[in-house]
Number of protein chains: 2
Amino acid sequence: MPSQAQFENLFHYFKKFNSISKAAEEALVKLCSHIKVPKNKDLQPIGYTCKTIYFIDKGIARIYYYREGIDVTEFFASENSIIVRAESLFTGKPSRKAIQVLEDSEIIGVDAVALFKLYDQFPEIERLFRKIFETAYVETVNRIESIQFHSAKERYEALLLDSPDILQRVPLKHIASYLGITQVSLSRIRAQR
Amino acid sequence: MPSQAQFENLFHYFKKFNSISKAAEEALVKLCSHIKVPKNKDLQPIGYTCKTIYFIDKGIARIYYYREGIDVTEFFASENSIIVRAESLFTGKPSRKAIQVLEDSEIIGVDAVALFKLYDQFPEIERLFRKIFETAYVETVNRIESIQFHSAKERYEALLLDSPDILQRVPLKHIASYLGITQVSLSRIRAQR
DNA sequence: CGATTCCTTTTACATATGTTAAATAATCAC
DNA sequence: GTGATTATTTAACATATGTAAAAGGAATCG
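Description of the structure in this document. Position numbers for residues count from 1 along each chain, tracking the sequence in the order it is written. Chain letters start at A and ligand numbers start at 1, both assigned in the order the entries are written. Owing to the predicted nature of the model, reporting of local features is limited to residues with pLDDT of at least 70; listing and counting of side-chain atom pairs is limited to 80 or more, with chain, interface and lining totals taken over all residues. With hydrogens and water set aside, each side-chain value is computed from the structure's full complement of heavy atoms.

**Let's talk about the protein's contact with DNA strand C**
Part 1 of the argument: We call a residue near a molecule or strand as soon as one heavy atom of that residue lies within 4 Å of the molecule or strand. Taken together, 17 residues sit near DNA strand C, with S185 and R188 of chain A together with L172, K173 and S187 of chain B positioned nearest.
Part 2 of the argument: A breakdown of the atoms of DNA strand C within 4 Å of the protein gives sugar and phosphate a share of 57%.
Part 3 of the argument: Within the backbone of L172 of chain B, a nitrogen or oxygen atom sits 2.7 Å from a phosphate oxygen of DNA strand C.
Part 4 of the argument: Take R190 of chain B: an N or O atom from its side chain is 3.3 Å from a phosphate oxygen of DNA strand C.
Part 5 of the argument: Those elements that place two or more of their residues in the surface near DNA strand C are helix 9 (183-191) of chain A together with helix 8 (172-179) and helix 9 (183-191) of chain B.
Part 6 of the argument: Only runs of H or I of at least four residues qualify as helices and only runs of E of at least two qualify as strands under DSSP, and these elements are numbered from the N terminus. Counting residues per element, the surface near DNA strand C draws most heavily on helix 9 of chain B, which supplies six residues.
Part 7 of the argument: Residues are grouped as follows: Ala, Val, Leu, Ile, Met, Phe, Trp, Tyr, Cys and Pro are nonpolar; Asp, Glu, Lys and Arg are charged; all remaining types, including Gly, are polar. Class assignment for the residues of the surface near DNA strand C results in seven nonpolar, five polar and five charged. The definition of a polar contact used here is a pair of N or O atoms within 3.5 Å, where within protein one atom must be able to donate a hydrogen and the other to accept one, and adjacent residues in sequence count solely through side-chain atom pairs.

Dropping the structure here:
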């Protein structure tokens, strides 16, 4: 039986966006489930439609896909953040991308199908997730700027500044494809310092 | 006095996302204004907080900013689409980016401050804009994929396929910076075909 | 219409990044 | 702990893209 204590971090995260009534909290708790995922396991495989919103309680995860047979990382998320394949969740189409856990992790899944139904009953929940995804949208716009108009070296240094923990916890090959360069290029950049 | 007939295209656009009640439509119309903007004029200049959502009735516009003194285009929009500096609208912070019209254009502005207030009264309006920006978010996620994992030539050809009209209507220097390359590179790519 | 400005292409050269392969280094499984 | 696997770095060379400068074309304005 899900109890809110189990989802303390998640609800603390929610509170930063929009506070919701007790009734809404209780309805929301019912959609949550806590799972343990071993290192390197796919949380969601390629080809499936995204129907769950994931929150990382402990651990680290990435979104990746294959481009011409090569593994490409699109996104990283660690503790106290949400990870979601937006292009599938919001279109209902199967995703060419997968979510993989990079350490033994504890993940909270929120049933998105049930969540979207809850929007009719609780506008405050709709508002909460509207704000969450508006913020994600802004981050994505900023990421475009970072990718498009900064050199590989600048992007590496920005990541080093923004998320030093990710550099520590994730194989460099994933970092390289995330930065849009080869592992060889990344090695060269690292050697310069 | 704003009448809905003036905003026919905009409300047709809205309908594709979420249909709203007559009362909501009437409240929404009051926030709209139709303006004519001459070619090359900044609709919103750099340094101001984005407080208006723009819909392009006729014409074409771009979001741009300066990176190390160089004019960089981040986004294009033409007829029947919305253009907005999300990173300012959703954070309330001043934007380093401007919106400029590239032809004599007719633009509908929606007062965003009043709109956000209307959300409390009309959850259906909140839902409408939630869906609009979810779609914009998905497009932005797809754009990252396009920028990061395709060569300049592939990106040019994708643009040629997706938005041939933009190629016709916009100076190539803007296309080049939008694609993340120099004008010289773009010329070389075009010469290859 | 002519002059000016802006836009686009071309050239030559510099630099960054990609590719392939091999050498180390670190980690994992038994 | 040892061997096998995986991760990271290095080297040599190829290619794509950047920079700067010049020239040709197109659009604009009086």
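**A few points about the nonpolar core**
Generally speaking, nonpolar side chains in soluble globular proteins are found buried as a group.
Part 1 of the argument: For the purposes of this section, nonpolar cores are sets of buried Ala, Val, Leu, Ile, Met, Phe, Trp, Tyr and Cys residues that join through side-chain atoms within 4.5 Å. Burial classes: relative accessible area under 20% of the type maximum marks a residue as buried, over 50% as exposed, and values in between as partly exposed (1.4 Å probe, protein chains only). Ranked by internal contacts, the top residues of the largest apolar core, which has 73 residues, are L10, L28, I53 and F129 of chain A together with L28, I53 and F129 of chain B.
Part 2 of the argument: Apart from the residues lying within four places of it in its own chain, the contact partners of I53 of chain B are I82, I83, V84, L89, I108, G109, V110, A112, L115, F129 and F133 of chain B. When checking whether two residues touch, look at their non-hydrogen atoms; a contact exists if any pair is within 4.5 Å.

**So, the interface of chain B and chain A**
Part 1 of the argument: Listed per partner, the contact involves 38 residues of chain B and 38 residues of chain A.
Part 2 of the argument: Note on terms: buried area is the combined drop in 1.4 Å-probe accessible area of two parts once they are placed together, counting the loss on both. At the boundary of chain B with chain A, total buried surface from both sides reaches about 3500 Å², with 58% on carbon and sulfur atoms.
Part 3 of the argument: A per-residue breakdown of the area chain B buries against chain A is headed by Y137, Q148 and F149 of chain B, which together make up 20% of the total.
Part 4 of the argument: Linking chain B with chain A are 20 residue pairs in polar contact (both at pLDDT 80 or more), by the criterion used here.
Part 5 of the argument: If you list the elements that add at least two residues to the side of chain B that touches chain A, you get strand 4 (60-67), strand 5 (70-78), helix 3 (86-89), helix 4 (112-121), helix 5 (123-149) and helix 8 of chain B.

**Some details on the protein's contact with DNA strand D**
Part 1 of the argument: Residues in contact with DNA strand D amount to 17 residues; listed here are only the nearest, L172, K173 and S187 of chain A together with S185 and R188 of chain B.
Part 2 of the argument: Each atom of DNA strand D within 4 Å of the protein was classed as base or backbone; sugar and phosphate made up 58%.
Part 3 of the argument: S187 of chain A places a side-chain nitrogen or oxygen 2.7 Å from a phosphate oxygen of DNA strand D.
Part 4 of the argument: Measuring from a phosphate oxygen of DNA strand D, one finds a backbone N or O atom of A152 of chain B at 3.4 Å.
Part 5 of the argument: For the surface near DNA strand D, the elements supplying multiple residues, two or more each, are helix 8 (172-179) and helix 9 of chain A together with helix 9 of chain B.
Part 6 of the argument: Per element, the largest residue contribution to the surface near DNA strand D is six residues, and it comes from helix 9 of chain A.

**Overview of the pattern of salt bridges**
Part 1 of the argument: What counts as a salt bridge is simple: a side-chain nitrogen of Lys or Arg found within 4 Å of a carboxyl oxygen of Asp or Glu. Under the defined criterion, the tally for this structure stands at 30 salt bridges over all chains.
Part 2 of the argument: Of the charged contacts, one joins K22 of chain A and E25 of chain A as a salt bridge, the two residues approaching to 3.6 Å between their closest N and O atoms. Here E25 of chain A and K22 of chain A lie together in helix 2 (residues 22-29), a separation of three residues that amounts to about one turn.
Part 3 of the argument: What makes K22 of chain A exposed here is its relative accessible area of 56%.
Part 4 of the argument: Measuring nitrogen to oxygen at the nearest pair gives 3.9 Å for the salt bridge that ties K97 of chain A to E87 of chain A. In this pair, K97 of chain A sits in the loop between helix 3 (86-89) and strand 7 (98-101) while E87 of chain A sits in helix 3, placing the two residues ten residues apart along the sequence.
Part 5 of the argument: A residue is classified by how much of its surface remains accessible, and K97 of chain A, at 0% relative accessible area, is buried.
Part 6 of the argument: Overlapping salt bridges bring together E74, E87, R96 and K97 of chain A together with E145 of chain B as one network.

**Describing the relation of the copies chain B and chain A**
Note that the two copies of the chain are related through a rotation about an axis and a translation along the same axis.
Part 1 of the argument: Of the transformation superimposing chain B on chain A, the axial component is 0.0 Å and the angular component is 180 degrees, with the fit at an RMSD of 0.0 Å. What the rotation and shift describe, once combined, is the action of a two-fold rotation axis. Of every C-alpha in chain B, the one belonging to Y137 of chain B sits nearest the axis of rotation, 2.6 Å from it. A least-squares superposition brings the copies together, and it is based on the C-alpha atoms of residues with pLDDT no lower than 70 in both.

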